[in-house]
Amino acid sequence: MADAAAAAKNLNFVWEGTDKKGNRIKGKTVAPNEAAVKADLRRQGIAPVKISKARRKAGKKIETGDIAFFSRQMSTMMSSGVPLVQSMDIIGKGHVNPNMQDMVMSIKADVEAGNNLADALAKHPLYFDDLFVSLVRAGEQAGALETLLDKIATYKEKTERIKKKIKKALSYPIAVLVVAFVVTGILLVFVIPQFEELFKGFGADLPAFTQFVVDMSRSVRKEGYIYVIIIGGAFATFTYFKKRSRKFREYLDRISLKIPVVGDILTKSALARFARTLSTMFAAGVNLVDALTSVSGATGNIIYEQATLKIRDQVSTGQQLNTTMSQTGLFPHVMIQMIAIGEEAGSIDAMAAKVADFYEEEVDNAVDNLTSLMEPLIMAVLGVLVGGLVVAMYLPIFKLGSVI
């Protein structure tokens, strides 16, 4: 416990010293205090001259991709015969992100203090979830840590690729729509008033559509701050309840699965993560019940999470996996049959991997189709918003021309 407490408070130090030959050398290390740094240097035959806390550089947030890359680096080095502590030392010192560097060096210090790697990773739950820690623990117990790290890296890379593809498909139309609404706001605030002054000299009633746009422009100019407050408040309320209310998230997840096109992508993505996680856990030697516990949290959707936990409870009573999956009504017949074949052949991990490959490819194709569908839809929205304002402003001019 004392070692764990000390490791949790490790700090970064930079030092200068002289070796046994009198050469001046510099370096970095992680330790709980300056005295520990001095003791460590003396053990290495280095006479410390100057020791100071390292200045913390501003670094970017640690992303899931960083964790996947860390897993791949660890797997590659350990497979090449590099010891665990040395592998982390090389990765930590070589990482470009100071935040990631600090975390890796902290994990290294924990391992050097006598903790196993799984426990050291568990101290950073924001970046290493229960699934990651469980797989590492299974690898350590089986003496095949490098193999498990390779499976983790593959799992993380595949799931991250799906997430990035979905985000990319959705971020483009969202960005274009935001720009469209900003342009519309600029037109309503700055351009429409100029036309309004021009129309006052016509001495005739404006067309209904033009009058509607002019009234909208007046409302935005006079009460625009109210609209901004309402929209900002609605967004803040939505974010608040999404973070803190599980029932609200469950409602959103249930609704999102029913949205045309998008719902199909989210469903296939959840199925792919279910199958990929099950394959990875089962291949690592984790028993089915424990594996399903980790699978439930990896599906990315509360509906599938609840269904997986229900499956786990039924499997723990002796029922077959494929039978319990079919009772939920959430898994397609093809997937259930492939899992059933895997159970009969004793190769659930291999069959689940094939299912994951199939649905990951389906997600790729569905996202590509969504992108193709979005482009004309976005152009139509832009045409209605911007083109509608232009037409509204020119209707009185056309009417005036017909009278003349």
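Note that the structure is predicted; figures quoted are calculated from it, not measured.

Asks: Looking at this model, I keep getting lost on the packing of aromatic side chains. Mind explaining?
Replies: Two measures describe an aromatic ring pair: the distance that separates the ring centres and the angle between the ring planes. Counting across every chain of the model gives nine aromatic pairs. When the centroid spacing of 5.7 Å and the interplanar angle of 80° are considered together, the rings of tyrosine 304 and phenylalanine 331 count as edge-to-face. Taken together, the positions of tyrosine 304 in helix α13 (residues 302-315) and phenylalanine 331 in the loop between α14 (321-328) and α15 (333-345) put the pair 27 residues apart, joining distant regions of the chain. When the ring of phenylalanine 358 is compared with that of tyrosine 359, the centres are 4.9 Å apart and the planes differ by 80°; the resulting orientation is edge-to-face. Judged by its relative accessible area of 41%, phenylalanine 358 falls in the partly exposed class.

Asks: Honestly, the pairing of strand β2 (residues 24-31) in this entry has me stumped. Any pointers?
Replies: Where strand β1 (residues 11-18) lies against β2, eight bridges are found, and the strand directions are antiparallel. Considered in β2, the bridge of valine 14 is made with lysine 28. What sits between β1 and β2 in their antiparallel hairpin is a turn of five residues, with glycine 22 showing a positive phi close to 85°.

Asks: Looking at this structure, I do not really get the side chain of lysine 108. What am I missing?
Replies: On the secondary structure map, lysine 108 appears in helix α5 (residues 98-112). By relative accessible area, lysine 108 is classed as buried at 14%. Apart from residues no more than four positions distant in its own chain, lysine 108 is found in contact with Val85, Met88 and Asp89.

Asks: Before we go on, may I ask you to explain the pattern of salt bridges in this structure?
Replies: Opposite charge on two side chains makes pairing possible when the charged atoms of those side chains draw close. For the coordinates displayed, the defined rule picks out 20 salt bridges. Close ionic contact of glutamate 157 with arginine 72 constitutes a salt bridge, the shortest N to O distance being 3.0 Å. A residue pair is termed long-range when its members are at least 10 positions apart, and glutamate 157 in helix α8 (residues 145-200) and arginine 72 in helix α3 (residues 64-79) qualify at 85 residues. Sharing partners across several salt bridges, the network here consists of Glu196, Asp215, Arg218 and Arg221.

Asks: For this particular structure, what's the right way to read the packing of helix α11 (residues 262-283) against helix α12 (residues 288-298)?
Replies: A pair of packed helices can be characterised by two numbers: the angle between their axes and the separation between those axes. One way to put it is that α11 packs onto α12 with a least axis distance of 9 Å and a crossing angle of 145°. Considering the relative orientation of α11 and α12, their crossing is right-handed. Contacts between α11 and α12 involve Arg273, Phe274, Thr277, Leu278, Met281 and Phe282 on the former and, on the latter, Leu288, Ala291, Leu292, Ser294, Val295 and Ala298. Per-class residue counts for the contact of α11 with α12 are nine nonpolar, two polar and one charged.

Asks: Whenever I open this one, a nonpolar patch on the surface confuses me. Can you help?
Replies: On the surface, Leu170, Ile174, Val178, Val182, Ile186, Val189, Phe190 and Val191 cluster together into a nonpolar patch covering about 660 Å² of accessible area. Relative to the helices and strands, phenylalanine 190 resides in helix α8. Phenylalanine 190 sits in the exposed class, given a relative accessible area of 57%.

Asks: What should I look at first to understand empty space enclosed by the protein in this one?
Replies: Any empty space left between atoms is shown by rolling a water-sized probe over those atoms. Applying the stated criterion across every chain, the model contains two cavities of 30 Å³ or more. Of the voids in this model, the largest cavity is the one considered here, and its volume is about 40 Å³. In terms of lining residues, the largest cavity is bounded by Ile166, Ala169, Leu170, Val262, Ile265, Leu266, Val367 and Leu370. Taken together, the elements giving at least two residues each to the lining of the largest cavity come down to α8, α11 and α16 (348-403). Lining the second largest cavity are Val334, Met335, Met338, Lys354, Val355, Phe358 and Tyr359. For the lining of the second largest cavity, the secondary-structure elements that each account for two or more residues are α15 and α16. At four residues, α16 tops the list of elements feeding residues into the lining of the second largest cavity. Classifying every residue of the lining of the second largest cavity gives six nonpolar, no polar and one charged.

Asks: How should I be thinking about the nonpolar core in this particular structure?
Replies: For soluble globular proteins, the rule of thumb is that nonpolar side chains tend to be buried together. With 36 residues, the main nonpolar core has Phe274, Leu278, Leu292, Leu321, Met325, Phe331 and Met335 as its most contacted residues. The set of elements that each furnish at least two residues to this core consists of α8, α11, α12, α13, α14, α15 and α16. For this core, the element with the most residues is α16, which contributes 11 residues. In this structure, leucine 321 is in contact with Leu278, Leu288, Leu292, Ile311, Val315, Ile339 and Glu343, ignoring residues within four places of it in sequence. The next biggest cluster of nonpolar side chains, apart from the first, holds 35 residues, and it includes Phe70, Met100, Leu148 and Ile152.

Asks: Please clarify how the sheet that holds strand β3 (residues 47-53) should be interpreted in this entry.
Replies: Across a sheet, strands are paired by hydrogen bonds formed along the backbone, either parallel or antiparallel in direction. Strand order across the open sheet formed by three strands is β2-β1-β3, with antiparallel pairing between neighbours. Edge positions in the sheet fall to β2 and β3, since each has one partner strand and no second. Averaged over all neighbouring strand pairs, the angle between strand axes comes to 25°, with direction disregarded.

Cut-off values and rules
- Here, residues in each chain are numbered from 1, in the same order as that chain's written sequence.
- Local features are withheld for residues below a pLDDT of 70 in this predicted model, meaning they are given only at 70 or higher, and side-chain atom pairs are given and counted only at 80 or more; totals for whole chains, interfaces and linings count all residues.
- Remark: hydrogens and water are excluded; side-chain values derive from all non-hydrogen atoms of the structure.
- Any two of the Phe, Tyr and Trp rings considered here, Trp counted by its six-membered ring, make a pair once their centres fall within 6.5 Å; the pair's planes then place it as stacked at under 30 degrees, edge-to-face at over 60, or tilted in between.
- Only DSSP runs of H or I reaching four residues or more are called helices, and only runs of E reaching two or more are called strands; each is numbered from the N terminus.
- Categorising residues by exposure relies on relative accessible area from a 1.4 Å probe, with only protein chains included: less than 20% of the type maximum marks a residue as buried, more than 50% marks it as exposed, and the intermediate range marks it as partly exposed.
- Strand pairing follows a simple DSSP-based rule, namely that at least 2 bridges must link the two strands.
- When checking whether two residues touch, look at their non-hydrogen atoms; a contact exists if any pair is within 4.5 Å.
- Salt bridges are identified by distance alone: a Lys or Arg side-chain nitrogen within 4 Å of an Asp or Glu carboxyl oxygen.
- Fitted lines through C-alpha atoms give the axes, limited to the stretch in contact for helices. The angle between two N-to-C directions lies from 0 to 180 degrees.
- Should the near helix be turned anticlockwise from the far one by less than a right angle, the crossing is termed left-handed; should it be turned clockwise, right-handed.
- When residues are grouped by polarity, Ala, Val, Leu, Ile, Met, Phe, Trp, Tyr, Cys and Pro land in nonpolar, Asp, Glu, Lys and Arg in charged, and all others, Gly among them, in polar.
- Patch criteria: residues need more than 30% relative accessible area and no salt bridge. Like-charged residues are merged within 9 Å; nonpolar side chains of Val, Leu, Ile, Met, Phe, Trp and Tyr are merged within 5 Å.
- Throughout, the Shrake-Rupley method with a 1.4 Å probe supplies accessible areas, and for residues the shown protein chains are the sole cover considered.
- Using a 1 Å grid laid over the protein atoms alone, points where a 1.4 Å probe fits but cannot get out form a cavity; open sets with protein on both sides within 12 Å along at least 5 of 7 lines form a pocket; any residue with an atom within 4 Å of a point counts as lining.
- Grid points are joined across faces, edges and corners, and a volume is the space filled by probe spheres set on the points.
- For the purposes of this section, nonpolar cores are sets of buried Ala, Val, Leu, Ile, Met, Phe, Trp, Tyr and Cys residues that join through side-chain atoms within 4.5 Å.

Read these as geometric descriptors, not functional statements.
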